[in-house]
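Below, each chain spelled out in residue letters.
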Amino acid sequence: QWDLVCEQRGLNQATATFFFIGVTMGAVVFGYLSDRFGRKAMLLLSLVCSVIFGMLSAASVSYSMLAIMRTLTGVALSGVSLIVLPLGMEWVDIQHRTFSGILTSIFWSIGNMLLAMVAYLVREWHWLLVAVTGPCLLSIVCLWWVPESARWLIANGKVKQAQRHLLTCARMNGRKDFAEDVPLTMYAQRIVLQWQHKKPGGSYSYISLFRTPVLRKISLCSGAVWFGVAFSYYGMSMNLTGFGLNMYLSQFVFGVIEIPAKMIMYVVMNRAGRRQSQAWALILTGLCIGANVIIPKPFTSLRSVVAIMGKGFSEAAFTAVFLYTSELYPTVLRQNGMGYTSFVARLGGALAPLVFLLDEVWRSLPEVTYCCVAVCCGSVALLLPETLNAHLPEGIEDVE
């Protein structure tokens, strides 16, 4: 359709790049807004916009309209991926933080597997877009039962509302003694004092991520790690036909391999810590991509096994980076931090499909590029602080 072949074949890859440009812009917008106006309200806005722009994408009558609608869908969907995991983590204790993060991301993998099956059954792209946008409607309904983050409410001085949510939570968990819990009141008072004595005009923004030395180091290093994770992850995901399997089977196998990768990551992150897990998952991703440059093309089975292992490590790195970054940033800046790192990641995601065009220079140049970026960015993760069994920081002072 629309004659996207021969000289115009680049426009096919460009639709993915337009989508990631949207996701990049969405990361900046929703990162800031969800720290300013709350997690739940922005999640609802994100889901509603995803449904509207997803359906308009399906109804596109020209390539230009499709490109614009995919960009706007990317903006909207960015909010969902950005807010869901930190919102879940802000509701659980230290012992269950890893479990909460891994469980949330397993649903991402189930979505990947279902995508392969739906795409195999629905070959007409208009209806495929309708089919994959539909689940957002279910998410909007489910959001009715999701409470606002109590940490965010307290950090923004809305202590009574937070207390109400926490009492409901205590009732569900059978904690009758919670109403007399003095530490909560003291904790809330401390946060409110911090909140009242911020610098004049001191609402937090992306600039706050670079003002103080420790936060600056965290922001620069985690930005590099996110770029490497997304660049290699989407590079492998989009080169589905290059691994010796057909497109639908590759997508399904990649979805299946993510689940054991995440379960192993759950154990490893709790034993070895976040920093080592993050670094080695990304370095091993790069080495697997590099190995496929050396393995001759006729060894199809071996190439497929190495690619699937690489995909597993890549997924482990993606799972770790969401969890790790959420723990590195304080509550008052958590979504700003996630927005900034996600912005850098989406730059990696936007560049990933375009790297395939380098095969005209040298056939293996795209794979060599993915390999080098993953190994270098994985090494940068070793410069970040460890957060295993540490309390989530609430203010910038806690990080410094």
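This is a predicted model, so every value here is computed, not measured.

(A) Region of the structure containing the overall build of the chain. Of regular secondary structure, the chain possesses 16 helices and zero strands. When the 400 residues of the chain are sorted by exposure, 48% land in the buried category. Contacts in the chain between residues at least 24 apart in sequence constitute 82% of all its contacts with a sequence separation of at least 6. When the accessible surface of the chain is split by element, carbon and sulfur atoms take 71% of a total near 18900 Å².

(B) Representation of the side chain of D35. Its location among the elements puts D35 in helix α1 (residues 10-37). For D35, a relative accessible area of 8% gives the class buried. For D35, the side chain forms a polar contact with the main-chain nitrogen of Q335, separated by 3.1 Å. Polar side-chain contacts of D35 include one of 2.7 Å to the backbone nitrogen of N336.

(C) Quick peek at the packing of aromatic side chains. Considering all chains together, one arrives at 12 aromatic pairs under this definition. Their ring planes at 15 degrees and their centres at 5.6 Å tell us that F227 and F231 sit as a pair that is stacked. Residue F227 and its partner F231 are both found in helix α10 (residues 213-238); the two are separated by four residues, about one turn of the helix. We classify F231 as buried; its relative accessible area is 4%.

(D) Structural detail: the pattern of salt bridges. Tallied over the full model, the rule gives seven salt bridges. Note that R39 and E90 form a salt bridge whose closest N and O atoms lie 2.7 Å from each other. With R39 in helix α2 (residues 39-58) and E90 in the loop between α3 (63-89) and α4 (94-121), this pair connects stretches of sequence that are 51 residues apart. There is no split in this pair, since R39 and E90 are both buried. K311 serves as the salt-bridge partner of E258, at 3.7 Å between the closest nitrogen and oxygen. Here the residue E258 occupies a position in helix α11 (residues 247-271), and K311 occupies one in helix α13 (residues 300-328), the gap between them amounting to 53 residues.

Thresholds applied
- Position labels on residues start from 1 in each chain and follow its written sequence.
- Only residues with pLDDT of at least 70 get local features here, since the model is predicted, and only at 80 or more are side-chain atom pairs given and counted; chain-wide, interface and lining totals rely on the full set of residues.
- Each side-chain value is derived from all of the structure's non-hydrogen atoms; neither hydrogens nor water enter the calculation.
- Comment: elements are numbered from the N terminus, with helices defined as DSSP H or I runs of at least four residues and strands as E runs of at least two.
- Think of it in three bands: with a 1.4 Å probe and only protein chains considered, a residue is buried below 20% of the maximum accessible area for its type, exposed above 50%, and partly exposed in between.
- What makes two residues a contact is simply this: any of their non-hydrogen atoms within 4.5 Å.
- For the accessible areas, the method is Shrake-Rupley and the probe is 1.4 Å, while residue cover comes only from the protein chains on display.
- Two N or O atoms form a polar contact when they lie within 3.5 Å of each other; inside protein one atom must be a possible hydrogen donor and the other a possible acceptor, and for residues adjacent in sequence the pair counts only when both atoms belong to side chains.
- Any two of the Phe, Tyr and Trp rings considered here, Trp counted by its six-membered ring, make a pair once their centres fall within 6.5 Å; the pair's planes then place it as stacked at under 30 degrees, edge-to-face at over 60, or tilted in between.
- Any carboxyl oxygen of Asp or Glu that lies within 4 Å of a side-chain nitrogen of Lys or Arg is treated as forming a salt bridge with it.

Keep in mind these values describe shape, not function.
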